[in-house]
Amino acid sequence: MPSLKITSNLNPSQWSSFVYNHPNGNVFQTPEMNEVYKKTKNYEPISFAVIDDNDEILGILLAVIQKEHSGFLGKFSTRSIIMGGPLIKDNNTEVLDFILTEYNKRIKGKAIYTQFRNQWQWNETEKEIFKKHGFEYESHLDIFVDLNKSEDELWKNLKSQARNKIRKAEKMGVDFKEIKSEDEISECYQILEEVYHQAKLPIPDFSLFKNANKALSDKEMIRFFVAVKDEKIIGTRIVFTFNNLLYDWYAGSKRNYYKYNPNDFLPWKIIEWGIENGYKTFDFGGAGKPNVPYGVRDHKMKFGGDLLEFGRFEKVHKPFLMLMGKTGLKFWQKLK
């Protein structure tokens, strides 16, 4: 094994090439997302790579430190999230061990906890390496829709309730379109704000979506899809489009337009769009924990996808602040 080195000064094109050609490559580990995080309020990325003596990339990790609040309250809501990473060449366990060692050094004092949100299944040997570095595995589900199937087959796989709601939306004149202007994206953000307020959950600052649009749209790595009724946006789904995969990132619809069924209409139209444009998989995103009731999972399963367990790895760096943060969240939710 050649000697391993850490670098934070990666050539963006070399970084992009590594992610794009990796079998588990995903938008969350790209240099473009690193730039998005840099410019987003209350976000701070941590990115580095493992290279060999010839400066070949052997592994990459992009994490983002997120605060739900600025100032003093931020101390109780600071977490580090790693989506779809790290990416390791040829599943080299020595490189994985090296990356986790470096990550633990860099995150020290910066976050209450870290969570790796997996987008594939790690094997038992790899899980042991995570455990060695203090990261405990917990079960968590995802839903994949196979877009290699024909549109007719996927339509038949929908639950009858979903098919009926989609037909009803179409009969009621709901249209499907893609938007790109900042004003329209701001309108979508207002819908998301309403949804998150109702769910009593904090939502990222608008700068996340504005920066994602600026950095990723021209490279066709993100799409802002909307359901429109009488020229008014009534629902939205923000989808990453990267390397044959559609990733359902954020979604919401106007409560007083539920009768038009935008939450059923939009996923199906995106599936249709994905088939037409050559995508292979629609990743519906998180589906909660096994054996724990979760309404979001029930809704997503109406679209006939496969329920998969990729799990998560979590490490609590500051147990007292973690407890205080959970208590504070419950208090904040009561106020909402």
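Before any of the text, the structure's been laid out above.
Because the structure is predicted, anything quoted here is derived from the model rather than measured.

Novice: Whenever I open this one, the packing of aromatic side chains confuses me. Can you help?
Specialist: Describing an aromatic ring pair means giving the distance of the ring centres and the angle of the ring planes. Counted under the stated rule, the structure contains 29 aromatic pairs. Taken together through their ring pairs, the aromatic side chains of Phe28, Tyr189, Tyr196, Phe206, Phe209, Phe240, Tyr247, Trp249 and Tyr250 make up a single cluster. Stacked on the ring of Tyr137, the Lys or Arg Lys127 has its end atom at 4.1 Å from the ring centre. Sitting above the plane of the Phe135 ring, Lys315 keeps its charged end 5.4 Å from the centroid.

Novice: Mind showing me how you'd approach unusual backbone geometry here?
Specialist: For residues other than glycine, phi is negative in most cases, and the peptide bonds are mostly trans. The step from Gly85 to Pro86 runs through a cis peptide bond, and the omega angle for that step is -5 degrees. If you trace the backbone, Pro86 turns up in the loop between strand E4 (79-83) and strand E5 (87-88). With a phi angle near 75 degrees, Asn244 is a residue other than glycine that sits in the positive phi range. On the secondary structure map, Asn244 appears in the loop between strand E11 (232-242) and strand E12 (245-253).

Novice: Mind showing me how you'd approach the nonpolar core here?
Specialist: Nonpolar side chains tend toward joint burial in soluble globular proteins. Ranked by size, the top nonpolar core spans 67 residues in total, and within it Phe209, Phe240 and Trp249 carry the most contacts. The dominant element in this core, judged by the number of residues it contributes, is strand E3 (residues 57-66), at eight residues. Residue contacts for Trp249: discarding those within four places in its chain leaves Phe28, Leu208, Phe209, Ala212, Ile222, Ile238, Val239 and Phe240. In this structure, Ile234, Leu246, Trp268 and Phe282 belong to the second largest nonpolar core, which totals 28 residues.

Novice: Looking at this structure, I do not really get the packing of helix H2 (residues 31-38) against helix H8 (residues 206-216). What am I missing?
Specialist: A pair of packed helices can be characterised by two numbers: the angle between their axes and the separation between those axes. Between H2 and H8, the least distance of the axes is 9 Å, while the angle of their chain directions is 145 degrees. You can see that H2 and H8 cross each other, and the crossing is right-handed. Contacts from Glu32, Met33, Val36 and Tyr37 of H2 reach H8 at Leu208, Asn211, Ala212, Ala215 and Leu216. Taken together, the residues of the contact of H2 with H8 sort by class into seven nonpolar, one polar and one charged.

Novice: When you look at the environment of Tyr20 in this model, what are you seeing that I'm missing?
Specialist: You can see Tyr20 is positioned in helix H1 (residues 12-21). Using a relative accessible area of 46% as the deciding quantity, one classes Tyr20 as partly exposed. Taking the C-alpha atoms as reference points, Tyr20 and Leu321, separated by 301 residues in sequence, lie 38 Å from one another. In contact with Tyr20, not counting residues within four places along its chain, are Phe242 and Asn243.

Novice: What's the story with the side chain of Thr40 in this structure? I'm lost.
Specialist: Mapped onto the secondary structure, Thr40 falls in the loop between H2 and strand E2 (43-51). A distance of 2.8 Å separates the side chain of Thr40 from the backbone oxygen of Val36, its partner in a polar contact. When neighbours within four sequence positions are excluded, Thr40 is seen to be in contact with Ser207, Leu208 and Asn211.

Novice: When you look at the pattern of salt bridges in this model, what are you seeing that I'm missing?
Specialist: Two side chains carrying opposite charge are able to pair once their charged atoms lie near each other. For the structure on display, the rule yields 14 salt bridges. Of the charged contacts in the structure, one is a salt bridge between Glu178 and Arg223, with a shortest N-O distance of 3.2 Å. With Glu178 in strand E9 (residues 175-179) and Arg223 in strand E10 (residues 222-229), this pair connects stretches of sequence that are 45 residues apart. The exposure class assigned to Arg223 is buried, which follows from its relative accessible area of 11%. Through salt bridges that share partners, Glu170, Lys269 and Glu272 make up one connected network.

Novice: In this structure, what is going on with the environment of Tyr189? I would like to understand it.
Specialist: Mapping Tyr189 onto the fold places it in helix H7 (residues 182-199). With 21 residues separating them along the chain, Tyr189 and Lys210 place their C-alpha atoms 9.6 Å apart. The contacts of Tyr189, once residues within four sequence positions are left out, are Ile203, Pro204, Asp205, Phe206 and Phe209. At 2.7 Å, the side chain of Tyr189 and the backbone oxygen of Pro204 are in polar contact.

The rules behind these values
Residues numbered from 1 in each chain as written. Predicted model: local features only at pLDDT ≥ 70, side-chain atom pairs only at ≥ 80, totals over all residues. Heavy atoms only, no water. Phe/Tyr/Trp six-rings, centres within 6.5 Å; stacked < 30°, edge-to-face > 60°. Lys NZ or Arg CZ within 6 Å of the ring centre and 35° of its normal. Helix = DSSP H or I, 4+ residues; strand = E, 2+ residues; numbered from the N terminus. Core = buried A, V, L, I, M, F, W, Y, C linked by side-chain atoms within 4.5 Å. Buried < 20%, exposed > 50% of the residue type's maximum accessible area, 1.4 Å probe, protein only. Contact = heavy atoms within 4.5 Å. Axes fitted to C-alpha atoms, helices over the stretch in contact; angles between N-to-C directions. Left-handed = near helix turned anticlockwise from the far one by under 90°. Nonpolar A, V, L, I, M, F, W, Y, C, P; charged D, E, K, R; others polar. Polar contact = N/O pair within 3.5 Å; in protein donor to acceptor, adjacent residues only side chain to side chain. Salt bridge = Lys/Arg side-chain N within 4 Å of Asp/Glu carboxyl O.

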